[in-house]
Amino acid sequence: MKRALVSGITGQDGSYLAELLLSKGYEVHGIIRRASTFNTGRIDHIFRDLHDPQAKLFLHYGDFTDSTSISGILRKAEPDEVYHLAAQSHVRTSFDIPEYTGDVTGLGTTRLLEALRASDSDAKFYQASSSEMFGKVAETPQNEETPFHPRSPYACAKVYAYSMTVNYREAYGMFASNGILFNHESPRRGETFVTRKITRRLAEIVAGKEKELYLGNLDAKRDWGYAGDFVEAMWDILQYKEPEDFVIATGETHSVREFLQEAFSLVGLNWEDYVKIDKRYFRPAEVDLLLGDSSKAKKLLGWEPKVKFKELVRIMVEADLKSEGVDAKLEG
């Protein structure tokens, strides 16, 4: 039985990845942060569904500002594959806490890579890199050769983590790969991220609990995919014959305004009647357009996205309506 270690297992991607790995017969070890409240909501159903006695999921408390805890977890888990998804991942928040973001998102990756190197582990390593690294884009679409121009502390930290992954691969011969993932969403997306903020508040509006939705830049364009598709690419990357870096994207770009239009139209509402602009949600430095070219992943891994933009929006709206107890037949 293969063993995988997943940092950030309680996040959106971590929960989908844990499901995928367990379905493939892995023993899965996850790293979680100690907190005063339970933060395992996205994976609680996995524990309830572990009817197969061979399916195993173990959680370990750790902190990516603490090298000792990371080394200890590696000794316990003895993984064959490591998926490093943990980060301070909110772009707007990174402007408020840039030092912490750099420590966790950037140096945290170095601590994990160094712990793997020092332990003589031959585990394959996956680094969750981000399309935000392209920032003020030099070309459209963006591929593996596009220069980085990060526009936030989060993106700067991710560029550092990306570069350290490449460095450990080249310096020590480690199987260390980057997945440069463009935006990927789902009903498990954090509620402070714009797509989930839209679908969650929309459900509350339909339920009669709220009347307004406050947002920032509606003209920002993103390449939005489905998180369930994207974790399959993570696994594919570590199954490839050699360590490589891959852009993972849908190849379509849509504005926040388009996401609003699609979501509200599903319930027969005009988004302009509910949305207000609040400048507090604007970034100090904006990323205007992200559009990924994942032709390398298609050619070498055989990976392609299954869920397209409109289906993604529908999935998220349906889930949030259900969570509000709203029985609504969606239009379209």
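Residues numbered from 1 in each chain as written. Predicted model: local features only at pLDDT ≥ 70, side-chain atom pairs only at ≥ 80, totals over all residues. Heavy atoms only, no water.

Draft legend 1. Looking closely at the overall build of the protein. The secondary structure content of the protein amounts to 11 helices and 13 strands. The globule rule puts the C-alpha radius of gyration for 332 residues at 20 Å, and the 20 Å found for the protein is close to it. Here the protein, with 332 residues, has 55% of them falling under the buried criterion. Across the protein, the fraction of contacts at a sequence separation of at least 24, relative to all contacts at a separation of at least 6, is 80%. Accessible surface, the protein: about 15100 Å² in total, of which carbon and sulfur atoms supply 47%. Taking the average place of the 43 positive charges on the side chains of the protein and the average place of its 51 negative ones, the gap between the two points comes to 2 Å. (Helix = DSSP H or I, 4+ residues; strand = E, 2+ residues; numbered from the N terminus. Rg over C-alpha atoms; globule rule 2.2 N^0.38 Å. Buried < 20%, exposed > 50% of the residue type's maximum accessible area, 1.4 Å probe, protein only. Contact = heavy atoms within 4.5 Å. Areas by Shrake-Rupley, 256 points an atom, 1.4 Å probe, with all protein chains shown as cover. Lys, Arg positive; Asp, Glu negative; His and termini not counted. Charge placed at Lys NZ, Arg CZ, Asp CG, Glu CD.)

Draft legend 2. The arrangement of unusual backbone geometry in detail. A cis amide bond, omega 0°, links T140 with the succeeding residue P141. Looking at the secondary structure, you find P141 in the loop between β5 (124–130) and α6 (153–172). The backbone of E78 shows a phi angle near 45°, a positive value even though the residue is not glycine. Locating E78 in the fold gives a position in the loop between α3 (67–77) and β4 (81–84). Phi is positive for D120, which is not a glycine, with a value near 60°.

Draft legend 3. Inspection of the side chain of R188 at higher detail. Assignment of secondary structure puts R188 in the loop between β7 (184–185) and α7 (194–206). Separated by 2.8 Å, the side chains of R188 and E19 make a polar contact. Those residues in contact with R188 that lie beyond four places of it in its chain are Q12, S15, Y16, E19, R42, H45 and R196. (Polar contact = N/O pair within 3.5 Å; in protein donor to acceptor, adjacent residues only side chain to side chain.)

Draft legend 4. Up close: the packing of α7 against helix α9 (residues 256–265). Put simply, α7 and α9 touch, their axes get as near as 10 Å, and they point 30° apart. With respect to their mutual orientation, α7 and α9 come out roughly parallel. When the axes of α7 and α9 are compared, the crossing they make is right-handed. Counted together, V194, T195, I198, T199, L202 and I205 of α7 and V256, F259, L260, A263 and F264 of α9 form the full contact between these two elements. Its residues placed into classes, the contact of α7 with α9 shows 9 nonpolar, 2 polar and no charged. (Axes fitted to C-alpha atoms, helices over the stretch in contact; angles between N-to-C directions. Parallel < 35°, antiparallel > 145°, perpendicular 65-115°, else oblique. Left-handed = near helix turned anticlockwise from the far one by under 90°. Nonpolar A, V, L, I, M, F, W, Y, C, P; charged D, E, K, R; others polar.)

Draft legend 5. Structural detail: the sheet that holds strand β3 (residues 56–61). Taken together, the 7 strands give an open sheet; going across it, the order is β3-β2-β1-β4-β5-β6-β11, and neighbouring strands pair in parallel fashion. Of all strands in the sheet, those with a lone pairing partner are β3 and β11 (245–248), marking the two edges. In this sheet, neighbouring strand axes are inclined to one another by 20° on average, regardless of whether the strands run parallel or antiparallel. Bridge analysis of strand β6 (residues 176–181) against β11 gives 4 bridges, and the strand direction is parallel. Note that in β11 the partner of G179 across the bridge is F246. Contacting β5, β6 and β11, α6 runs over the sheet at an angle of about 155° to β5. Where helix α8 (residues 227–239) meets the sheet, its contacts fall on β4, β5, β6 and β11, and the angle it forms with β4 comes to roughly 140°. (Pairing = 2+ DSSP bridges.)

By themselves, these figures tell us nothing about what the structure is for.
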